[in-house]
Amino acid sequence: MTLDKSSLDKIANMLNESSYTVLMVGQGLLRELDVTLPTPYEVSLWNKVGKFYTLEGFFKDPVNAWKHYKDLYLRIENANKHKIIEHLKTLFNKGYIQSMITTCINGFSELIETGNIIELYGSILKSHCTTNEHSFKTRDVIDKFPEPLCPYDKSPVRPSITFYNENIKHREWLRALIEVESAELVLVLSSNEDEFESPVNMLPILAKLNGSRLIVVNETRSLLKDIADVFIEHSLLKFIEKLAKIL
């Protein structure tokens, strides 16, 4: 289905009728903001910097890892100035969205400052020492040379994002499960390149099994198309912009 006035009105009505709506946002949104994170599926980028997204790679070369993280942080900081943040704030503040589950690492919880926001893969805006004892704002440690060290125990500091050989934090995963089981409506924004990885890809299915209505917005295609109540092929950024305006 294309996003015309009729389909946009239908989605707006579904949001109006829902007393509890959960928004799921994948990394495709960051990709539209010109921030591409390395994954094993993007071979050229992964071969170049993928090692910095594993614990082993980080500990082998923390100095160059932080050079990369600084570049990523600055690109995300620039992306976070996009008007999409204000549009999402509007949807939360007007009560159309009650909760967000995201695999983006751009720090939605700090940017939107309202609602129940679950960052399953963490946030690049936050960092912590590798003993897990002390936390910091990334902007306060990012220029420490040659690598940030914890001022309290001198252990290396790393960004508070989930590396590829780490599990999602148990508490955040339980929160996500509770949200999708409670939702009347789940709105999924993803891209064909970023279909949620296991176990996150099970959340929309679990919501549907629990009786939730499901809206899926994807740039081209989606494995969720067959179970969605509404499926829209559209740019994620432009969809949010149009939705915020009509609501």
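Here the structure is shown first, and the text comes after it.
Residues numbered from 1 in each chain as written. Predicted model: local features only at pLDDT ≥ 70, side-chain atom pairs only at ≥ 80, totals over all residues. Heavy atoms only, no water.

1. Focus on the overall build of the protein
We apply this condition: Under the DSSP-based scheme used, a helix requires at least four consecutive residues in state H or I and a strand at least two consecutive residues in state E, with every element numbered from the N terminus. We call a residue buried when its accessible area falls under 20% of the maximum for its residue type, exposed when it is over 50%, and partly exposed in between, using a 1.4 Å probe and counting protein chains only. Only heavy atoms matter for contacts: two residues are in contact if any of them lie within 4.5 Å across the pair. Accessible surface area values rest on a Shrake-Rupley calculation with a 1.4 Å probe, where residue burial reflects the displayed protein chains alone. Counted charges follow a simple rule, with Lys and Arg positive, Asp and Glu negative, and His plus the chain ends left uncounted. The atom standing in for a charge is NZ when the residue is Lys, CZ when it is Arg, CG when it is Asp and CD when it is Glu.
The helix and strand inventory of the protein stands at eleven helices and nine strands. When burial is assessed residue by residue, the protein has 53% of its 247 residues classed as buried. Partitioning the intrachain contacts of the protein with sequence separation of at least 6 by distance along the chain shows that 65% fall at a separation of at least 24. If you sum the accessible surface of the protein, you get close to 11,900 Å²; carbon and sulfur atoms cover 50% of it. For the protein, the distance from the average position of its 29 positive side-chain charges to the average position of its 33 negative side-chain charges is 4 Å.

2. Things to note about the pattern of salt bridges
For clarity, the cut-off: Any carboxyl oxygen of Asp or Glu within 4 Å of a side-chain nitrogen of Lys or Arg constitutes a salt bridge here.
Here the structure, examined in full by the defined rule, presents twelve salt bridges. Among the salt bridges present, the one from D143 reaches K70, with a minimum N-O distance of 2.6 Å. With D143 in the loop between α8 (138-141) and β6 (157-161) and K70 in helix α5 (residues 62-79), this pair connects stretches of sequence that are 73 residues apart. The shortest N-O distance in the salt bridge between E241 and K245 comes to 3.4 Å. Pair noted here: E241 and K245 are both in helix α11 (residues 236-246), with a separation of four residues, about one helical turn. Exposure remark for K245: the relative accessible area of 63% places this residue in the exposed category. Taken together, the salt bridges that share partners define one network made up of K83, E241 and K245.

3. Observations regarding the side chain of T54
The criterion, for reference: Here a polar contact is taken to be a pair of N or O atoms separated by no more than 3.5 Å, where protein atoms must pair a possible hydrogen donor with a possible acceptor and residues adjacent in sequence count only if both atoms sit in side chains.
Position of T54 relative to the elements: it lies in the loop between α3 (43-49) and α4 (55-60). For T54, a relative accessible area of 18% corresponds to the buried category. At a separation of 3.0 Å, a polar atom in the side chain of T54 contacts the main-chain amide nitrogen of G57. In this structure, T54 is in contact with W46, F163, Y164 and N165, ignoring residues within four places of it in sequence.

4. As for unusual backbone geometry
Put simply, F145 and P146 share a cis peptide bond, and its omega is 0 degrees. Relative to the assigned elements, P146 resides in the loop between α8 and β6. Across the junction of S198 and P199, the peptide omega takes the value 5 degrees, indicating a cis bond. Its location among the elements puts P199 in the loop between β7 (185-190) and α10 (203-209).

5. Remarks on the nonpolar core
Selection criterion: Nonpolar cores were defined as sets of buried Ala, Val, Leu, Ile, Met, Phe, Trp, Tyr and Cys residues, with membership established by side-chain atoms within 4.5 Å.
In this structure, F108 and L120 are the most contacted members of the largest nonpolar core, which totals 84 residues. In terms of residue count, the dominant contributor to this core is α5 (seven residues).

6. Some points on the packing of helix α1 (residues 5-17) against α11
Rules: Each axis is a line fitted through C-alpha atoms, taken for helices only over the stretch in contact, and angles between the N-to-C directions span 0 to 180 degrees. Here the word oblique covers every angle except those under 35 degrees (roughly parallel), over 145 (roughly antiparallel) and from 65 to 115 (roughly perpendicular). Handedness of a crossing is defined here by the sense of rotation of the near helix relative to the far one, left-handed for an anticlockwise turn of less than a right angle and right-handed for a clockwise turn. When residues are sorted by character, Ala, Val, Leu, Ile, Met, Phe, Trp, Tyr, Cys and Pro go into the nonpolar class, Asp, Glu, Lys and Arg into the charged class, and all the rest, Gly among them, into the polar class.
Contact pair α1 / α11: the axes reach a minimum separation of 10 Å and the direction vectors enclose 65 degrees. Viewed along their axes, α1 and α11 adopt a mutual orientation that is roughly perpendicular. The handedness of the crossing between α1 and α11 comes out as right-handed. Each of L8, D9, I11, A12 and L15 in α1 lies in contact with α11, whose residues at this interface are F239, K242, L243 and I246. Tallied by class, the residues present in the contact of α1 with α11 amount to seven nonpolar, no polar and two charged.

7. Some thoughts on the sheet that holds strand β8 (residues 213-218)
Cut-off, in case you're wondering: Two strands pair if DSSP finds at least two bridges between them.
The parallel open sheet is built from six strands, whose spatial order is β3-β2-β1-β7-β8-β9. Only two strands of the sheet have a single partner each, and these edge strands are β3 (116-119) and β9 (230-233). Averaged over neighbouring strand pairs, the angle between their axes works out to 15 degrees when direction is ignored. For strand β1 (residues 21-25) and strand β2 (residues 99-102), the ladder comprises four bridges, and the chain directions are parallel.

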